[in-house]
Amino acid sequence: MRALAVGNPADRPLLLVVGCIHGNERAGTEVVRSIRHRAPSRGSIVAVPNLNPDGLAVGTRTNARGVDLNRNFGSGWRPIGAPGDPEHSGARPFSEPETRFARRLIRVLRPDATVWFHQQVEPPLVRAWGHSRTAARAYARIAGAPFSALRWQPGSAPNWQNHRFRKASSFVVELPWGEVADSVVRRNAAALLALVRRLERGA
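Caption draft 1: Quick look at helix α1 (residues 28–35). Among the residues of α1, those classed as buried are G28, T29, V31, V32 and I35. Buried positions in α1, seen along its axis, are confined to an arc of 155° and lie on one side of it. On its buried face, α1 sits against β1 (4–6), β2 (14–18), β3 (44–48), β4 (113–120), β7 (169–176) and α6 (182–200).

Structure representation (structure tokens):
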């Protein structure tokens, strides 16, 4: 796992982007690739192309230990399923090296906003809850995707961030299932850069 800096991470505002957390939902890595050399005029972006390298290698939602990383974070965690089940939450919160890596990175960077890319069968969707809804709605408008206010799943990454960092936004972008069109990648890349500008204005 690695994190890539686009601009100087010391420059604020800072946007964190995670391209892939479920190994069978890799389209967000294309969005990350498209912004690697597009530093914002102010502020910075740190991108984690892939938080689940083992899952991506074999095309599974879970990691190599059969854990759904997006059910393994601390807030609202509860035991779900057994290893290999699509939403198995692990033995305990942050039991997995991938989620501990994410926790450590987020604690160090203290991003002003975080965007987590996923994929779903339905058309694109931006979803958020709580204080993250404002930034998510703005992102959705730019990306040309509908917005939905949905409560967080137990043990999900945005759930933990929204509880742990009350002034920072964290939300999910669901891209369409399968190969994503270049136009969708471009719109989401533009929305990420616009979100940095919006954060810089304090909006």
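Caption draft 2: Fine view of the sheet that holds β2. Strand order in the open sheet formed by seven strands is β1-β3-β2-β4-β7-β5-β6, with mixed pairing between adjacent strands. Unpaired on one side and paired on the other, β1 and β6 (147–149) mark the two borders of the sheet. If you compare each strand with its neighbour and ignore which way they point, the axes differ by 25° on average. In this sheet, β4 lies alongside β2 in parallel orientation, the contact comprising four bridges. Each bridged residue has a counterpart across the sheet, and for V17 the counterpart in β4 is V115. Along the sheet face, α6 touches β2, β3, β4 and β7 and points at about 160° away from the line of β4.

Caption draft 3: Structural view of the environment of L14. Along the chain, L14 falls in strand β2. The exposure class of L14 is buried, given its relative accessible area of 0%. Through-space distance from the C-alpha of L14 to that of L199 is 8.4 Å; in sequence the pair is 185 residues apart. When neighbours within four sequence positions are excluded, L14 is seen to be in contact with P9, S44, V46, L109, P111, D112 and A113.

Cut-offs used in this document
Residues numbered from 1 in each chain as written. Predicted model: local features only at pLDDT ≥ 70, side-chain atom pairs only at ≥ 80, totals over all residues. Heavy atoms only, no water. Buried < 20%, exposed > 50% of the residue type's maximum accessible area, 1.4 Å probe, protein only. Helix = DSSP H or I, 4+ residues; strand = E, 2+ residues; numbered from the N terminus. Arc of directions from axis to C-beta. Contact = heavy atoms within 4.5 Å. Pairing = 2+ DSSP bridges. Axes fitted to C-alpha atoms, helices over the stretch in contact; angles between N-to-C directions.

Any functional reading would require information that these geometric values do not contain.
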